[in-house]
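Fold and contact review
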Amino acid sequence: MQPTVFITGATSGFGEACARRFATAGWSLIISGRRSERLQALADELAAQTDVLPLVLDVRDRSAMETAIANLPPRFASLRALVNNAGLALGSDPAQDCDLDHWETMVDTNIKGLLYATRLLLPRLIAHGAGAGIVNLGSIAGNWPYPGSHVYGASKAFVRQFSLNLRCDLQGTGVRVTNLEPGLCESEFSLVRFAGDQARYDAIYEGANAIQPADIAETILWILQQPAHLNINSLELMPVSQAWNNFAIHRA
Ligand code: NDP
Ligand code: 8X3
């Protein structure tokens, strides 16, 4: 039987690239996101290659998540992998100037949404046993501070520690957990972060030769295809063009 992966946030970027790559590799797909037209179009396209179940879901809506996951059709019930990808950054102003609503949205999506998907799908992954796996989308922002990262980076630091902590509890179940920590990647992420400001988007990626969503999808598939006895705890990726800079010193 072909393996099944549940991908959150499959309507663009990494999630969409994962759906395409996993379909090519012969996996069945459960794909989710809020934008129903995009989700359905992707499902229609990939249905020529594999079994696809599109679920229009907001990961922040706990009861909708509970209902959808409790009612997965039998042919999608046995799950080999979860890609906890849905997430976002909103803004990069200094903390003292931020919109508190933006902070709440990041916490609700990047932390609470990931927790809902994880907790609700864990029984199915445990039932699968050896070879099953969760790949959580962390970020370099969870490992390293930078100005304007505040709640976004902190949410990804949560994801990193949660991923490591999960491994302790899942010992003996065969279920693997990886925190994937990409740096600069070219996707709608930056349009969302900068409220649709195309000029800022272009400036960020100009000349950077950023990581592409297809690179991330390839990495996630590779992680999940490792031998069942092997767990990649965390994996940090940057484009070659990206590196650290000096500590900042404010001088009076
Ligand atoms: P995109 O903006 O291209 O994709 C984000 C996806 O998340 C979309 O499919 C969106 O779908 C979905 N999403 C957002 N909010 C919700 C929600 N409330 N419920 C359900 N789905 C939601 O960004 P990326 O593909 O680049 O980012 C994917 C993940 O990778 C994120 O967690 C991000 O933090 C992380 N990441 C990104 C990096 C980058 O530089 N791009 C680097 C490191 C990590 P919809 O709007 O239809 O709901
Ligand atoms: C996205 C990478 O560096 O923009 O998680 O925070 S960064």
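Residues numbered from 1 in each chain as written. Chains lettered and ligands numbered in written order. Predicted model: local features only at pLDDT ≥ 70, side-chain atom pairs only at ≥ 80, totals over all residues. Heavy atoms only, no water.

As named in an unreviewed UniProt entry, the protein is SDR family oxidoreductase, taken from Pseudomonas ulcerans. What the UniProt record of the protein gives under Sequence similarities (unreviewed entry) is the line "Belongs to the short-chain dehydrogenases/reductases (SDR) family." (UniProt positions renumbered as here; feature names shortened; annotations may be inferred.)

The full set close to ligand 1 counts 28 residues, and Thr 11, Phe 14, Arg 34, Tyr 152 and Ser 187 are the nearest of them. Asp 58 has a polar side-chain atom sitting 2.8 Å from a nitrogen atom of ligand 1. Bound to the protein, ligand 1 loses 96% of the 870 Å² it would expose on its own. The set of elements that each furnish at least two residues to the shell around ligand 1 consists of α1 (13-24) and α5 (150-170). (Near = heavy atom within 4 Å. Polar contact = N/O pair within 3.5 Å; in protein donor to acceptor, adjacent residues only side chain to side chain. Areas by Shrake-Rupley, 256 points an atom, 1.4 Å probe, with all protein chains shown as cover. Helix = DSSP H or I, 4+ residues; strand = E, 2+ residues; numbered from the N terminus.)

This part is about the side chain of Ser 139. Mapped onto the fold, Ser 139 is located in the loop between β5 (133-137) and α5. Look at Ser 139 and you get buried, because its relative accessible area is 7%. At 2.8 Å, the side chain of Ser 139 forms a polar contact with the backbone nitrogen of Ala 141. Sequence-distant contacts of Ser 139, that is, excluding residues within four places in its chain, are made with Tyr 152, Lys 156, Leu 180, Glu 181 and Pro 182. (Buried < 20%, exposed > 50% of the residue type's maximum accessible area, 1.4 Å probe, protein only. Contact = heavy atoms within 4.5 Å.)

Let us now look at unusual backbone geometry. For residues besides glycine, phi is generally negative; the peptide bonds are generally trans as well. For Ala 195, which is not glycine, the phi torsion reads 50° and is therefore positive. With respect to the helices and strands, Ala 195 occurs in the loop between α6 (189-193) and α7 (198-205). Accessibility expressed as a relative area gives 74% for Ala 195, which makes it exposed. Phi at Asn 209 is positive, roughly 45°, even though this residue is not glycine. With respect to the secondary-structure elements, Asn 209 resides in the loop between α7 and α8 (213-224).

The next point concerns the site of ligand 2. Every residue near ligand 2 is listed here: Ser 139, Ile 140, Ala 141, Tyr 146, Tyr 152, Phe 189 and Arg 193. Within the side chain of Tyr 146, a nitrogen or oxygen atom sits 2.5 Å from an oxygen atom of ligand 2. Note that an oxygen atom of ligand 2 is positioned 2.6 Å from one of the side-chain N or O atoms of Tyr 152. Computed on the free molecule, ligand 2 has an accessible area of 240 Å², of which 83% lies beneath the protein chains in the complex. Of the residues in the shell around ligand 2, the class split is five nonpolar, one polar and one charged. (Nonpolar A, V, L, I, M, F, W, Y, C, P; charged D, E, K, R; others polar.)

Okay, the environment of Ile 126 next. Structurally, Ile 126 is set in helix α4 (residues 100-128). Separated by 48 residues in the primary sequence, Ile 126 and Ser 78 have C-alpha atoms spaced 9.9 Å apart. Excluding anything up to four places from it in sequence, Ile 126 contacts Leu 170, Thr 173 and Val 175.

Bringing the pairing of strand β1 (residues 4-7) into the picture now. The alternating pattern of β1 places Thr 4 and Phe 6 and Val 5 and Ile 7 on opposite faces, both of which are buried. Tracing the backbone out of β1, into α1 and back to the parallel element strand β2 (residues 28-33) gives a crossover that is right-handed. Examined bridge by bridge, β1 and strand β4 (residues 81-84) share three bridges and lie parallel to one another. Counterpart to Phe 6 in the pairing with β4 is Leu 82. (Right-handed = clockwise from strand over helix to strand, strands pointing away. Pairing = 2+ DSSP bridges.)

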